[in-house]
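# Architecture and fold: a report
Chain by chain, the residues run as shown.
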Amino acid sequence: MILNVGPSHPATHGVLQIVVELEGESIMRVDPIVGYLHRGVEKLAECITYHQFIPYTDRLNYVSSFLNNVGYVMAVEKLIGIEVPERAQVIRVILSEMSRIMDHLVCLGANVVDIGAFTPFLYMFYAREKAYDILEEVCGARMTVSYCRVGGVARDLPDGFEKKVLDFCDLTESTLKDVEGLLNKNRIFLDRTVGIGVISQEDAVSYGFTGPNLRATGKQWDIRRAFPYLTYDRYEFDIPTHDGGDIWARYWVRLEEMRQSVRIIRQALKDIPDGRIISDDFKHVLPDKEEVYSSIEGVIHHFEQIVQGIRPPKGEVYASVEAANGELGYYLVSDGERSPYRLRIRPPCFIYYQALEQMVRGHIIPDLVGILGSINIIAGELDR
Amino acid sequence: MTENRDKDVVADCLEELKSHLGEAASEAAPTLDGIFTIEVQPSAIIESLNFLRDHLEGDFDMLTDLTAVDWMNYPETGERFEVVYLLCSTKSNHRVRVKCRLGETGPRVASATAVFKGAEWLEREVWDLFGIRFDGHPDLRRIMLWEDFEGHPLRKDFPTRGYNPVERTPET
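Let us look at the structure shown here. For every chain, the first residue of the written sequence is number 1, and numbering continues from 1 onward in sequence order. Written order decides the labels, with chains lettered from A and ligands numbered from 1. Two thresholds apply to this predicted model, a pLDDT of at least 70 for residue-level local features and 80 or more for giving and counting side-chain atom pairs, whereas whole-chain, interface and lining totals are computed over all residues.

### Remarks on the overall build of chain B
A helix here means a DSSP run of H or I that spans at least four residues, while a strand means a run of E at least two residues long, and both kinds are numbered starting from the N terminus. Of regular secondary structure, chain B possesses 3 helices and 7 strands. The linear arrangement of helices and strands in chain B, starting from the amino end, is α-β-β-α-β-β-β-β-α-β. In terms of its C-alpha atoms, chain B occupies a principal-axis envelope of roughly 70 × 35 × 35 Å. For the exposure call, what matters is how many other C-beta atoms sit within 10 Å of a residue's own: 20 or more marks it buried, 12 or fewer exposed, and in between partly exposed, using C-beta atoms placed from the backbone. Within chain B, the proportion of its 172 residues that are buried is 42%. Contacts in chain B between residues at least 24 apart in sequence constitute 53% of all its contacts with a sequence separation of at least 6. Note on contacts: each residue gets a C-beta atom placed from the backbone, and two residues are in contact if those atoms are within 7 Å.

Laid out in structure tokens, this is it:
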């Protein structure tokens, strides 16, 4: 029997369609159909300026939009070769880890509510609301923040930021404790998640898995350690792994990663250096207002950047960040003009979704729902 | 940030690949981000990917990305399409990029699905958006766009607004 799940379905996270071939109750084959949220972002990038693309990156993985911003501006900064001031780097780290916590809260919340556990979902989304409040104060927007700029961040931190973030860290830890208490030894949850949707480490590497899904197969690999960026090499944090490769492993790894993110945030908050929040390479970064009003170079740079945009040198770069879901990479080819010649976004969700068939074969439909939630497919990133 | 901690290891690995392939490979050079890039003939792509994956020290076990670039606006750089494979070694944290150029009419190259499982959907996307065929792919059909779509949008001669504008007239 052929069963069509989606694209408009309460259990699919976003617009995802899955055509399932059943033999009785067991799933024989699965054909995921993607592209319902394909907005042609890579094509659009070829006709807008580099700065104009930053809001488009928010809308990729929209539950942790800051991480997408960071990846993109890192690629442009690598292309131009400008240094980001330390204060901006530490701010980026703190907000990245907060976004990572938010993404994991959504992923786990949605995953467990699909399996039937409603209370942890509400607890996790309550914590998420507190994070939204902080982001709204800092960035001006709750979800799609567009806070990064090429060379730094858009504006400085408001007063009371440290205290609010520390309160959020405490709230996250107590939420995790509550969720663990409800789920970790829960007979029903364990039956629904242990041994379901297993993928082996060799297959995961062959598919190109990264992020929590790879760490849930036992491979300890994290872009923050493998190719360190920003100031991650200064902080102490563990990389949790689990050998199971099933839904339970992915749940557990994400839970532990949230604890590690809190650890990084606490360390980073202790030493936010003073200084500029954006680079002073005024050829590629908007100059300060004092410069614009007092020097001719300031006026010229301001005018050219507003009217034409920046023109990076010719070349190609690949920059990646450890996004909440895996390795989010940006491959940028520039021909020296005001728009990228080719911008390719390497979405982690796209890579995981093709392994769905292998993970689901032989299971039943309720397991499909659990597995789909555990690999954290965000349609915006999948389809771009 | 260093993309290749032991540059020598990657450079040596690519030197070996070049001597293995002979005429079919160009010099390996790092791009602006420090990733060593080598260009090979399309016929030598699968051999190169297998070589890099099985190499003892390079050990590039993950296909990070497979994409294409349309160089229609700059014909002096070579053939029109460029397929780019980005490999990563998760054991020793190196990246390497392998490229090949394909011509304008009927561009085709062998599929990398036998080397890396993750190439399956990445190649489907390149077929969908660029029109480059991958021989030996188990299921080459469109992925982002619907089956009846005509054209390949990421090509430079495909207009940004597409060919089927929806116009609102006062009657509709």
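### Considerations on the overall build of chain A
Helix and strand counts for chain A come out as 17 helices and 8 strands. Taken over C-alpha atoms, the radius of gyration is set against a globule rule of 2.2 Å times the number of residues to the power 0.38. The C-alpha radius of gyration computed for chain A amounts to 21 Å, which stays within 12% of the reference 21 Å derived for 384 residues, consistent with globular compactness. With the principal axes as the frame, chain A shows a C-alpha extent of 75 × 40 × 35 Å. By the burial criterion, 52% of the 384 residues in chain A qualify as buried. At a minimum sequence separation of 6, the contacts of chain A that also span at least 24 residues come to 71%.

### Digging into helix α3 (residues 119-130) of chain B
For an α-helix, the turn length of 3.6 residues means that residues three or four places apart are oriented alike. Here the expected length of a helix is defined as 1.5 Å per residue gap, with one fewer gap than residues. Over its 12 residues, α3(B) extends 16 Å from the first C-alpha to the last, a length consistent with the 16 Å expected when each residue adds 1.5 Å. What α3(B) keeps buried is the set B:A119, B:E120, B:W121, B:L122, B:E123, B:R124, B:E125, B:V126, B:W127, B:D128, B:L129 and B:F130. Against α14 (348-353) of chain A together with β3 (62-70), β4 (81-89) and β7 (133-135) of chain B lie the buried residues of α3(B). Once α3(B) ends, the next one or two residues include B:G131, with phi positive near 85°.

### Focus on the sheet that holds strand β1 (residues 29-30) of chain B
All names here are of chain B. Strand pairing follows a simple DSSP-based rule, namely that at least 2 bridges must link the two strands. On the basis of which strands lie adjacent, the open sheet formed by 5 strands has the order β1-β2-β5-β4-β3 and mixed pairing. Looking at strand neighbours, the two that pair on one side only are β1 and β3, the edges of this open sheet. For every element, the axis is a line fit to its C-alpha atoms; helices are fit only across the contacting stretch, and the angle between N-to-C directions ranges from 0 to 180 degrees. Across the sheet, helix α2 (residues 45-54) touches β4 and β5 (94-102), and the angle it forms with β5 is around 175°.

### Considering unusual backbone geometry
Residue and element names in this part refer to chain A. Despite not being glycine, S146 has its phi angle at roughly 50°, a positive value. Looking at the secondary structure, you find S146 in the loop between α5 (118-139) and β4 (148-149). Located in the positive-phi region is L230, a residue other than glycine, with phi close to 45°. Mapping L230 onto the fold places it in the loop between α10 (223-226) and α11 (247-270).

### Digging into the pairing of strand β2 (residues 17-23) of chain A
All names here are of chain A. One ladder, built from 4 bridges, connects strand β1 (residues 2-5) with β2; its direction is antiparallel. Within the sheet, the bridge partner assigned to L3 lies in β2 and is V20. Here β2 pairs with strand β3 (residues 26-33) via 7 bridges, running antiparallel. Bridge pairing in β3 places E21 opposite R29. Where β2 folds back onto β3 in an antiparallel hairpin, the turn is made up of 2 residues, including G24, whose phi is positive at roughly 70°.

### Considerations on the environment of A:I371
Within the fold, A:I371 resides in helix α16 (residues 365-374). Non-local contacts of A:I371, meaning those with residues more than four positions away in its chain, are made with A:I196, A:G197, A:I247, A:M359 and A:V360.

### Here we look at the pairing of strand β8 (residues 342-346) of chain A
Residues and elements named next belong to chain A. Here β8 lies mainly inside the structure; 5 of its 5 residues are buried. In β8, alternate side chains face the same way, and those of R342, R344 and R346 on one face and L343 and I345 on the other are all buried. Two strands pair when backbone bridges link them, and strand β7 (residues 326-334) and β8 are joined in this way by 5 bridges, in the antiparallel orientation. Bridging across to β8, V333 finds its partner in R342.

### Describing the packing of α11(A) against α16(A)
Residue and element names in this part refer to chain A. Where α11 contacts α16, the axes come no closer than 9 Å and their chain directions differ by 30°. By the angle between their directions, the pair α11 and α16 is classed as roughly parallel. The handedness of the crossing between α11 and α16 is left-handed. Between α11, through I247, R250 and Y251, and α16, the contact on the second element is made entirely by G370, I371 and S374. Among the residues making up the contact of α11 with α16, the classes are represented as 3 nonpolar, 2 polar and 1 charged. In these notes the angle categories are as follows: under 35 degrees is roughly parallel, over 145 is roughly antiparallel, 65 to 115 is roughly perpendicular, and the rest is oblique. Crossings are assigned a handedness: left-handed for a near helix turned anticlockwise from the far helix by less than a right angle, right-handed for a clockwise turn. Amino acids outside the nonpolar list (Ala, Val, Leu, Ile, Met, Phe, Trp, Tyr, Cys, Pro) and the charged list (Asp, Glu, Lys, Arg) are all regarded as polar, and Gly is one of them.

### Digging into helix α4 (residues 86-115) of chain A
Between its terminal C-alpha atoms α4(A) stretches 43 Å, which fits the 44 Å expected from 30 residues at 1.5 Å a residue. Counting buried residues in α4(A) gives 26 out of 30 residues, a clear majority hidden from the surface.

### Side note on the interface of chain B and chain A
Contacts between the two partners involve 28 residues from chain B, matched on the other side by 38 residues from chain A. Counting only elements with at least two residues in the side of chain B that touches chain A, the list comes to β3 and α3 of chain B. For the side of chain B that touches chain A, the residue count by class is 15 nonpolar, 7 polar and 6 charged.

### Notes on the environment of A:Y36
All names here are of chain A. Note on placement: Y36 falls in the loop between β3 and α1 (41-44). Between the alpha carbons of Y36 and E137 there is a distance of 33 Å; along the sequence they are 101 residues apart. Those residues within four positions of Y36 in sequence are excluded, and the remaining contacts are P7, V15, Q17, A379 and D383.

### Describing the packing of α5(A) against helix α6 (residues 161-183) of chain A
Residue and element names in this part refer to chain A. Contact pair α5 / α6: the axes reach a minimum separation of 9 Å and the direction vectors enclose 170°. With respect to their mutual orientation, α5 and α6 come out roughly antiparallel. Side by side, α5 and α6 meet where T119, P120, Y123, M124, A127, K130, A131, I134 and V138 of the first sit next to F161, K164, V165, F168, L171, T172, T175, D178, V179, L182 and L183 of the second. Classifying every residue of the contact of α5 with α6 gives 14 nonpolar, 3 polar and 3 charged.

### Comments concerning the nonpolar core
Among buried residues, those of type Ala, Val, Leu, Ile, Met, Phe, Trp, Tyr and Cys that are joined through C-beta atoms within 7 Å form a set called a nonpolar core. Counting residues in each nonpolar core, the largest one holds 163 residues, and the members touching the most others are B:V83 and B:L87. In terms of residues, this core owes the most to one element, α4(A), which gives 15 residues. Setting aside chain neighbours within four positions, we find B:V83 in contact with B:A68, B:K99, B:C100, B:L102, B:V109, B:V126 and B:I132.

### Side note on the environment of A:N376
Residue and element names in this part refer to chain A. Mapped onto the elements, N376 comes out in the loop between α16 and α17 (379-383). C-alpha separation for the pair N376 and F168, spaced 208 residues apart in sequence, amounts to 23 Å. If sequence neighbours within four positions are ignored, N376 has contacts with C107 and N325.

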